[in-house]
Amino acid sequence: MYEARGLIISDYQKELETRGSDCIFKMYGEGELLAETESKILQLNLNMEVQPFQSDIFEILKDVDILVMTSDNEGTPLTVMQASCAGVPCIGTDVGSMRDIVTDGVNGFLVDTDYVSIANEIEKLVSNLNELSSLQNSSIFHAKRHFDIKNFIEAHENIYLTLVNRGKSLSR
């Protein structure tokens, strides 16, 4: 098992391999753990490609079928929102604000932090291309509805109007 910032790489990959899956995992980024991570990937013979940081997330997402976000803790994950906009469903651990971004069965699935739960959801999608395709399509619609800037502004305007009207009724 190798853990990098809460990501248990080998456990769910090895679990999928024992089930006959031939998924290719890609990890993007750089930093102080890069050399150690690449070394562990080679040592454990993982089917993972390490790619350098790229500023254009949508260029990366063109080649991604499923985003796997296995954080132990997560704020508001912009990457998951961007993935939804690009039609890439997310399998993510049910931590932090992930529940605010991922709706089960709409733009992905939330799972426990154990590797079997993660592997189960990955396998479910890669073995059922109709469900994967459906999630990819619904991810785009979900993103337009929930992450579109116009909708965001309108929702906040409504909150402010409600508060202003509530304040007016209290002052009478």
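The structure presented is a predicted model; accordingly, all values stated were derived computationally and were not measured.

(A) Here's a closer look at unusual backbone geometry. Positive phi is not limited to glycine here, since N45 has a value of about 55 degrees. Classification of N45 by relative accessible area gives exposed; the value is 58%.

(B) Seen up close, helix α4 (residues 78-85). Where α4 is concerned, the buried positions are V80, Q82, A83 and S84. On its buried side, α4 packs onto α3 (57-61), β5 (67-69), β6 (90-93), α5 (98-101) and α7 (129-147). Of the residues one or two after α4, G87 is the one with positive phi, at around 80 degrees.

(C) Structural detail: the sheet that holds β5. Across the sheet, which stays open at both edges, the 3 strands sit in the order β5-β6-β7 with parallel pairing between neighbours. At either margin of the open sheet sits one strand with a lone partner, and together these are β5 and β7 (108-111). Strand-to-strand, the axes of this sheet are offset by a mean angle of 10 degrees, without reference to chain direction. Note: β5 against β6, 3 bridges, orientation parallel. Paired with M69 across the two strands is G92, which belongs to β6. Here helix α6 (residues 115-126) sits on the sheet in contact with β5, β6 and β7, set at roughly 160 degrees to β7.

Criteria and cut-off values
Residues numbered from 1 in each chain as written. Predicted model: local features only at pLDDT ≥ 70, side-chain atom pairs only at ≥ 80, totals over all residues. Heavy atoms only, no water. Buried < 20%, exposed > 50% of the residue type's maximum accessible area, 1.4 Å probe, protein only. Helix = DSSP H or I, 4+ residues; strand = E, 2+ residues; numbered from the N terminus. Contact = heavy atoms within 4.5 Å. Pairing = 2+ DSSP bridges. Axes fitted to C-alpha atoms, helices over the stretch in contact; angles between N-to-C directions.

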